[in-house]
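Overview (structure and organization)
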Amino acid sequence: MKRGLLAIGCDSYDHIKPLDGAELDAKRIFGALTDPNIGDHDPKLSRLLLSPTLADVRGALEEIIFAHEPLDVLTIYFAGHGEVDASGFYMLLKDTRIDRLSISAMRLGEVLVTVVNKAPTTTHIILDACYSGGIAQDMNLLIRPETLGEWGSPALVLLAMASADQYAMESDTGGMGTNVLLECTDGRLFVQEHSGSLDLFEIGRVVSDRVGANPEQKPKRWALNVHQPAAFCRNPHFQASLAATFKNWRPKGFIENLEPLLVSTVDEPNEQVAHVDRLLNGLIVKAQGSPDQLLEPQVRATGAVALLKYCPTSKPASDYVEQACLQIAELSVAAFSRAVAELREEKYALLGPRGGLGDLYALPIRVWRIIGWAGAAWFTLQSAGRADEFAVETFGELLDLIIEHYSLSAVLLAEEQTPSIAIGLSAAFQLGFHDQAEMLLSILFNAGVEVGGKVARTSIKPDHIFEFMMHRDAGSLNEVPGLCANPTEAVALLLRLSPLFDLEDVFDAAMADLDHLSLNVFVASDYSEFGADMIESGTNHSFTIGHGVWRVSDLIAHWPEAASVRPMHLSVRMASLYAALLFPDRTPWFVVPEFTITETDAG
Amino acid sequence: MTVAHSATNDVKPEPKDAKARVSFFDMAEESNGFSSSMNKMIAEFIAKNAGHRIPTANHLVFSHGRQWTHPAHEHAIPGEMQEHSAEMAMPFADIVGGDFKLVHRFVLQMVQSFNDSMARMLYETLGAACEQSGQVVDGRDKPFPDAFLEGFKKIEFGVDRDGKVSMPEIHVGNPDMIKQLEAAPPEFQAEVERVKAEKIAKALEVEAERKKKFKSGEAP
């Protein structure tokens, strides 16, 4: 987004009494608004003019507006003397003569006409000058039916720090209005916390409240033709609010807290769905401002999983869950498309925001989560007949980029990777990305074999991860059985997938290295229970390598038939995938190819 | 297998028209923190004791479901979760009396209660499995050493993950049985040693055959 700024501060006047703080105010505004963490205006598209002449201002304005492609946002700030007459408001500049305003001062109307000629999507004008409220009459220039009202036509927000008949006051630290404005941009003053950015109109409200407490200076603000909020600066309170909201937010806790409410409204299914919707809405708005591209899909998935158990018996719940899952899928497609775009630019894009050695553990899990959510998106959209070519191509490119840049970190490390691997590689198989899936499966299996198939258990506590990794590196995971999954579904899955990619013989050759490893395949008998903390109904099918299972074919021969039974209800089928991705101690075995044969009423 | 425990205070029965109980400084964080630390300690003791009977490497943890099967193991018996619980009362008077030893007593009794319950389940399960497979010796009309030898001949030795033959463990309910074994004549000991050597050789042979079933164990 192209954001330009013209900041003018005029202290020195050839023919008028000089001022003290206008240049400083302009410098402070320029500094704040070109700071990428505050105003994020592009310094290359911005100019700071200190005590300029009329020609200087005209030249700078022309350069900013006409020397580049149309701007998305243009902000014009003026601090200095102001004057108003019958023709409108004037910004007084270094060479202005008070008796010749029309030819020696910058009339706001001229600025507006210039802006309209090559209109930025949004123009902000801030005037910290005496009589600046006199700009109202200049706005007639903009009120033209042919340029207003249509979607995308230019929007204008004006903030004048004084009324048409008032002085703009100064303190030792700068103009009163400019001080408050800057306090809003850097977070010292609270504006709102529900959005990632602040617009000038809402900042103007705070400026009016604060500065306007003095009856001798009443700021004025106007918004013209504003279709949607236009970011003036980042909202420092939003990030803090976002962090506070999601610091202790866990899907499991949310569902547990929601459950009593859902139980109490079980006889009013519409009300039940409305509860979930209402409670999620606030979180969704905040999640939309998060840099984590998969936070919003996770929040929405939590709502779908909370209603999962009601889907077979409640049409409103089933309809809501279906719609929610489709929305989650579309958001996931956008997220993994973004991941692809970032990876094209920067091969380390998947490293965590905190960096550090912790990514040795987190990265393999993160990589597979991305593949898993991408796979779930495809399954969801495909089951509704909405999987598009773009999503498929992007999924293939995602796999290519991961193999290219992360082949050494897409390894098997933790049991919680199991559902992501199941969903991701099953989707890859069905979409014909066999080479990529074969490569990824080999990477996973080789890493697993290196440590005898031992992976971190799903309930491992964060402060035990370091210990697990140290033992894994030292080859001494036998010494910490409490940190390892026993039995493991992850290795059972890899073995089960191997025939799909002709890796059976290769895996067979390494089976002796997994001797005595206990495998498990938990098959739920009712997938509407798949969001429960503990799924009661279902059977653990246990295997031990070297005791009944020496080759992949031994496992396949005894593979439970029930594993291929998929849920009959579309909503249950969709939400089960997201339940497994949110709570990765369960695997939706029905997605694994060649097992989606029978359709029964299991959920 | 799931475990649970609970503790109750001996709350005096209140008359029907009693007022709802009020409190004076809840101190929930301190109280909950104390309980969770104590529960963690109890769980660790229970796990440690369980490890004495069954090697920790053989402890399986299931997240879901109440039953399990072993589809590839024809002799294995499907199982089902059993719940273990223990309950103790903590007299108000002991708490008011500042009896700090109450914590030790509570933890030890709770652990003991679970141990007893789990041991009972273990031997009952083993007993049922032996009955089902016919691995049972009737020792009613013979001296214990003879019954022991008969049983010893019926069992097969296993080989552990490191390739070492693991000797069977002897669990007896009456210490006199051990004394009877120790007092048995040298011929008995020699016969035990002979059978043992035979069983070790057989176990290694079975283990070698088992390993050959891996693709990598095939003869070139």
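Residues numbered from 1 in each chain as written. Chains lettered and ligands numbered in written order. Predicted model: local features only at pLDDT ≥ 70, side-chain atom pairs only at ≥ 80, totals over all residues.

What follows concerns the overall build of chain B. Along its length, chain B carries 6 helices and 6 strands. Taking 220 residues into account, the globule formula puts the C-alpha radius of gyration at 17 Å, and chain B, at 25 Å, lies well above it. The dimensions of chain B, computed from C-alpha atoms along their principal axes, are 80 × 50 × 30 Å. For chain B, buried positions account for 5% of its 220 residues. Intrachain contacts of chain B at a sequence separation of at least 6 include 67% that bridge at least 24 residues. (Helix = DSSP H or I, 4+ residues; strand = E, 2+ residues; numbered from the N terminus. Rg over C-alpha atoms; globule rule 2.2 N^0.38 Å. Buried ≥ 20, exposed ≤ 12 C-beta atoms within 10 Å, placed from the backbone. Contact = placed C-beta atoms within 7 Å.)

Attention shifts here to the sheet that holds strand E12 (residues 220-224) of chain A. Residue and element names in this part refer to chain A. Strand order across the open sheet formed by 6 strands is E2-E1-E3-E7-E8-E12, with mixed pairing between neighbours. Taken across any chain shown, the strands that pair with only one partner, and hence form the sheet edges, are strand E2 (46-50) and E12. Pairwise comparison of adjacent strand axes, ignoring direction, gives a mean angle of 5 degrees for this sheet. Pairing analysis gives 5 bridges linking strand E1 (residues 3-9) to E2, with the strands arranged parallel. Each residue of the ladder has a partner; that of Ala7, found in E2, is Leu48. Along the sheet, helix H6 (residues 200-211) makes contact with strand E7 (122-129), strand E8 (155-160) and E12, crossing E8 at roughly 15 degrees. (Pairing = 2+ DSSP bridges. Axes fitted to C-alpha atoms, helices over the stretch in contact; angles between N-to-C directions.)

One widely used convention gives an interface's size as the accessible area the parts lose upon coming together. Considered domain by domain, chain B is made up of domain 1 (2-133) and domain 2 (144-215). Each of domain 1 of chain B and domain 2 of chain B has a C-alpha centre, and these two points are 35 Å apart. (Domains from an automatic or database assignment.)

Residues and elements named next belong to chain B. The predicted model of chain B has a mean per-residue pLDDT of 82, with 90% of residues at 70 or higher. Mean pLDDT values over the elements of chain B span from 44, in strand E1 (residues 2-9), up to 93, in helix H6 (residues 186-212). Low pLDDT (under 50) marks residues 1-12, which in the prediction has 25 contacts with non-local residues, meaning those over four places away or in another chain. Both confidence scores are given for the complex: pTM 0.73, ipTM 0.75. (pLDDT = per-residue confidence, 0-100.)

So, about the confidence of the model for chain A. Low-pLDDT portions of the prediction should not be read for the details of their coordinates. For chain A, the average pLDDT comes to 89, and 94% of its residues sit at 70 or higher. pLDDT under 50 marks residues 595-603 of chain A. Its contacts with residues more than four places away, or in other chains, come to 29 contacts.

Contact residues are listed per partner, giving 33 residues for chain A and 25 residues for chain B. Here the residues of the side of chain A that touches chain B are counted per class, giving 12 nonpolar, 15 polar and 6 charged. With 3 bridges connecting them, strand E15 (residues 538-545) of chain A and strand E2 (residues 67-69) of chain B associate as parallel partners. The residue of E2 of chain B that forms the bridge with Asn540 of chain A is Trp68 of chain B. (Nonpolar A, V, L, I, M, F, W, Y, C, P; charged D, E, K, R; others polar.)

This part takes up unusual backbone geometry. A cis amide bond links Asn486 of chain A with the next residue in sequence, Pro487 of chain A, at an omega value of 5 degrees. Along the chain, Pro487 of chain A falls in the loop between helix H16 (462-474) and helix H17 (489-497). For Ser51 of chain A, which is not glycine, the phi dihedral falls at a positive 45 degrees. In the Ramachandran plot, Phe25 of chain B falls in the positive-phi region, its phi being about 65 degrees despite a non-glycine side chain.

All names here are of chain B. Between helix H4 (residues 144-154) and H6, whose axes approach to 10 Å, the crossing angle comes to 10 degrees. Between H4 and H6, the angle is such that the two are roughly parallel. Each of Pro145, Leu149, Phe152 and Lys153 in H4 lies in contact with H6, whose residues at this interface are Phe188, Glu191, Val192 and Val195. When its residues are assigned to classes, the contact of H4 with H6 shows 6 nonpolar, no polar and 2 charged. (Parallel < 35°, antiparallel > 145°, perpendicular 65-115°, else oblique.)

Residue and element names in this part refer to chain A. Among the nonpolar cores identified, the biggest contains 127 residues, and Ala304, Leu307, Val321, Ala575 and Tyr578 are the most heavily contacted of them. If we skip the residues at most four places from it in the chain, Leu307 touches Val273, Val276, Ala317, Tyr320 and Val321. Core analysis: the second largest hydrophobic core is formed by 66 residues, Ile8, Met91, Ile203 and Phe232 among them. (Core = buried A, V, L, I, M, F, W, Y, C linked by C-beta atoms within 7 Å.)

All names here are of chain A. What the 3 strands build is an open sheet, ordered E4-E5-E6; its pairing is antiparallel. The sheet is open, and its two borders are formed by strand E4 (82-85) and strand E6 (106-107), each paired with just one other strand. Taken together, the 4 bridges between E4 and strand E5 (residues 88-91) define a ladder with antiparallel strand orientation. Bridging across to E5, Glu83 finds its partner in Tyr90.

A few words now on the packing of helix H8 (residues 251-264) of chain A against helix H10 (residues 295-308) of chain A. Each pair of packed helices can be summarised by the angle the axes make with each other and by the distance between the axes. All names here are of chain A. Where H8 meets H10, the axes come as close as 10 Å, and the angle between the chain directions of the two elements is 40 degrees. In this view, H8 runs oblique relative to H10, as classed from their interaxial angle. In the packing of H8 onto H10, the handedness of the crossing is right-handed. Each of Pro251, Phe254, Ile255, Leu258 and Leu262 in H8 lies in contact with H10, whose residues at this interface are Gln298, Thr302, Val305 and Ala306. Classifying every residue of the contact of H8 with H10 by side-chain character gives 7 nonpolar, 2 polar and no charged. (Left-handed = near helix turned anticlockwise from the far one by under 90°.)

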